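In case you want the letters, here they are:
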Amino acid sequence: QVQLVESGGGLVQAGGSLRLSCAASGGTFSMYSMGWFRQAPGKEREFVAATVPWSGGNTGYSDSVKGRFTIARDNAKNTVYLQMNNLKPEDTAVYYCAAARTVRVVLTPGECDAWGQGTQVTVSS
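Residues numbered from 1 in each chain as written. Predicted model: local features only at pLDDT ≥ 70, side-chain atom pairs only at ≥ 80, totals over all residues. Heavy atoms only, no water.

## A short note on the overall build of the chain
Here comes step 1: Secondary structure assignment for the chain yields 0 helices and 11 strands.
Here comes step 2: Scanning the chain from its N terminus toward the C terminus, one meets helices and strands in the order β-β-β-β-β-β-β-β-β-β-β.
Here comes step 3: Relative to a compact globule of 125 residues, whose C-alpha radius of gyration would be 14 Å, the chain shows 13 Å and is just as compact.
Here comes step 4: For the C-alpha atoms alone, the extent of the chain along its principal axes is close to 40 × 30 × 25 Å.
Here comes step 5: When burial is assessed residue by residue, the chain has 46% of its 125 residues classed as buried. (Helix = DSSP H or I, 4+ residues; strand = E, 2+ residues; numbered from the N terminus. Rg over C-alpha atoms; globule rule 2.2 N^0.38 Å. Buried < 20%, exposed > 50% of the residue type's maximum accessible area, 1.4 Å probe, protein only.)

Structural data, given as C-alpha cells:
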C-alpha cells in the first residue's frame, strides 16, 4: 500500500500561486492514478484534478479549477504536483493527495486506495 505525504500549502493573496507536492513511498507509484481533492470547512471533499499512472499522460480537472490548476507527475521521483495559479478565496481548503488503482482522469473519494494527511491552503482577499 502506497503512503502519501503532501507539502507546499500556505497562505497566499488572491491572484497568487502555490505548488503542492505529494511524495509517495511503499508502493509501485506507476500503478496508480493520482488525484488531488480538497475539503473546505462544512463542505464535502471534492475532486480537483487527476492524472493517469504514466508521466505525461491524460489529466482531468473540475470545472472550478480548469485553466488555473495543473496536475503533473514525475514517476522517477514518485511525486505528483498541483500547480495552482490565479488563486481565489473560494480555493481555501485542506488539499489531499490520493492514489487509486485505476486508469481514470476523474476520481471519486470511494475509489481511492490511499490518502495523504492534507495540507492547508488559505487564500486571502
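## Regarding the pattern of salt bridges
Here comes step 1: Tallied over the entire structure, the rule returns 5 salt bridges.
Here comes step 2: Of the charged contacts, one joins R38 and E46 as a salt bridge, the two residues approaching to 2.6 Å between their closest N and O atoms.
Here comes step 3: Beyond isolated ion pairs, a larger network of salt bridges with shared partners links R38, E46, R68 and D91. (Salt bridge = Lys/Arg side-chain N within 4 Å of Asp/Glu carboxyl O.)

## A word on unusual backbone geometry
Excluding glycine, residues mostly have negative phi values, and the peptide bonds linking residues are mostly trans.
Here comes step 1: Positive phi is not limited to glycine here, since N78 has a value of about 55 degrees.
Here comes step 2: For N78, the position within the fold is in the loop between strand 7 (69-74) and strand 8 (79-84).
Here comes step 3: In this structure N78 comes out as partly exposed when scored by relative accessible area, which is 27%.
Here comes step 4: Its identity is not glycine, yet N86 carries a phi of approximately 50 degrees, on the positive side.
Here comes step 5: Tracing the chain through its elements places N86 in the loop between strand 8 and strand 9 (93-100).

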